[in-house]
Amino acid sequence: MATTVTAEQVETVVADALAELGPDRELIKRDATFEELDVDSLDLAELSQVVEEKFGVRLKGDDIASIKTVGQAVDLIVSKAG
Amino acid sequence: MATRETCALVTGGSRGIGAAIARALAADGWPVAVNFRSGEAAAPAVVDEIVAAGGTAVPVAGDVSAPGAAEQLLAEAERQLAPIGALVNNAGVNADGLALQLEDDDWNRVIETNLSAAFRLTRQAVRGMIRRRHGRVVNIASVVGTTLTNPGQANYAASKAGLVAMTKAIAVEVARRGVTVNAVAPGFIATEMTAELTTGTLEAVPARRAGRPEEVAASVRFLASDEAAYITGATLVVDGGLSA
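What you are looking at is a predicted structure, and each value in this text was computed from that prediction instead of being measured.

**Focus on the pairing of strand β6 (residues 179–186) of chain B**
Residue and element names in this part refer to chain B. Across the eight residues that make up β6, a large majority, eight, are buried. Strand direction decides the pairing type here: strand β5 (residues 135–140) and β6, joined by six bridges, are parallel. Within the sheet, the bridge partner assigned to Ile-140 lies in β6 and is Val-184. Regarding topology, helix α6 (residues 154–174) serves as the crossover connection from β5 to the parallel β6, and that connection is right-handed. Sheet analysis places β6 next to strand β7 (residues 235–238), joined by four bridges and oriented parallel. Bridging from a neighbouring strand, Ala-185 pairs with Val-237 of β7.

So this is what it looks like as structure tokens:
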């Protein structure tokens, strides 16, 4: 997969995907927690499918359990894509 | 309707209960991908029967227990027909023998085909279903291992009990996405596999007869329908009262 994935690209994809799952677009900030956004484990499993399709990055169950905020998710995806 | 825009995949669909399920789903409007083991005769006759009756069906060859089979079978069904809207995990094997004499291979092969392959297919199929907010998974279990048991089937009973437990676990994970996961547990059904059953065996069945594959298929057709949207994590027993 491309090795030039930027944090901005990932943020956009993550925000778009999360917005489709329910939370208002304006609430999806880096420091927003998934709990605040009412994003649950199944939502994150769905998000990980989008991320895999777009960036070729596979998030495992352990990965998903470890991330609590939008920013943490973005950082993890960027680090795995690099 | 979602069921017209997606297809159904029936594993082990060339004979017996699987073929009856393929026919029933096709009669209900589902385009059906009929999986059969590559080692068997060419395309299963049930595909031609469905097409001749005005339905849509295609053969999808492959052993469900082979590495990578889940991805390959689902991709092939989707390539030929449509996204998977219903998955029927029907493929199953048995390798009977008293536990004292069961080889590791007999144990592993039955667990692998009946349980692990069903898990991998379900995991893969549900990925698309949760995105589409609609889906049906029906696992063909058995009364063996769930409501009663036979000597000589430790592997088979464990695999089918596992299938029922897996059905419930995945059902609760995906219920809020409009995806249902259920099991059907047949009793004695008249197929090639049970041709050697004696009338003495059937005396234990309150209905005093073996079930027909079509009677199992009708339950699957219902669970795959939109009408069954609120049924999930359930096991529907189709056994003529055997386990009542």
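There is more to say after this.
**Remarks on unusual backbone geometry**
Residues and elements named next belong to chain B. The backbone of Arg-133 sits at a positive phi, close to 60°, despite the residue not being glycine. On the secondary structure map, Arg-133 appears in the loop between α5 (104–132) and β5. The backbone of Arg-208 shows a phi angle near 60°, a positive value even though the residue is not glycine. With respect to the helices, strands and loops of the structure, Arg-208 is situated in the loop between α7 (199–202) and α8 (213–224).

**Side note on the sheet that holds strand β1 (residues 7–10) of chain B**
All names here are of chain B. What the seven strands build is an open sheet, ordered β3-β2-β1-β4-β5-β6-β7; its pairing is parallel. Sheet topology places β3 (57–61) and β7 at the edges, where each strand pairs with a single neighbour. The average angle at which neighbouring strand axes cross in this sheet is 20°, direction not considered. As paired elements, strand β4 (residues 84–89) and β5 share four bridges and run parallel to each other. Paired with Asn-89 across the strands is Asn-139, a residue of β5. Its contacts with the sheet place helix α2 (residues 16–27) against β1, β2 (32–36), β4, β5 and β6, and it is angled at close to 170° to β1. The strands touched by helix α4 (residues 69–80) within the sheet are β1, β2, β3 and β4, with β3 carrying the most contacts at an inclination of about 155°.

**Some thoughts on the confidence of the model for chain B**
Averaged over every residue, the pLDDT of chain B is 94; the share at 70 or more is 94%. Both scores are available for the predicted complex, with the pTM at 0.92 and the ipTM at 0.82.

**Side note on α2(B)**
All names here are of chain B. Relative to the 16 Å expected for twelve residues at 1.5 Å per residue, α2 spans 17 Å between its end C-alpha atoms, a close match to the ideal helical length. Extensive coverage of α2 is indicated by the burial of nine of its twelve residues. Among all positions of α2, only Ile-17, Gly-18, Ala-19, Ala-20, Ile-21, Ala-22, Ala-24, Leu-25 and Ala-26 are buried.

Definitions and limits used
Residues numbered from 1 in each chain as written. Chains lettered and ligands numbered in written order. Predicted model: local features only at pLDDT ≥ 70, side-chain atom pairs only at ≥ 80, totals over all residues. Heavy atoms only, no water. Buried < 20%, exposed > 50% of the residue type's maximum accessible area, 1.4 Å probe, protein only. Helix = DSSP H or I, 4+ residues; strand = E, 2+ residues; numbered from the N terminus. Pairing = 2+ DSSP bridges. Right-handed = clockwise from strand over helix to strand, strands pointing away. Axes fitted to C-alpha atoms, helices over the stretch in contact; angles between N-to-C directions. Contact = heavy atoms within 4.5 Å. pLDDT = per-residue confidence, 0-100. Expected span 1.5 Å × (residues − 1).

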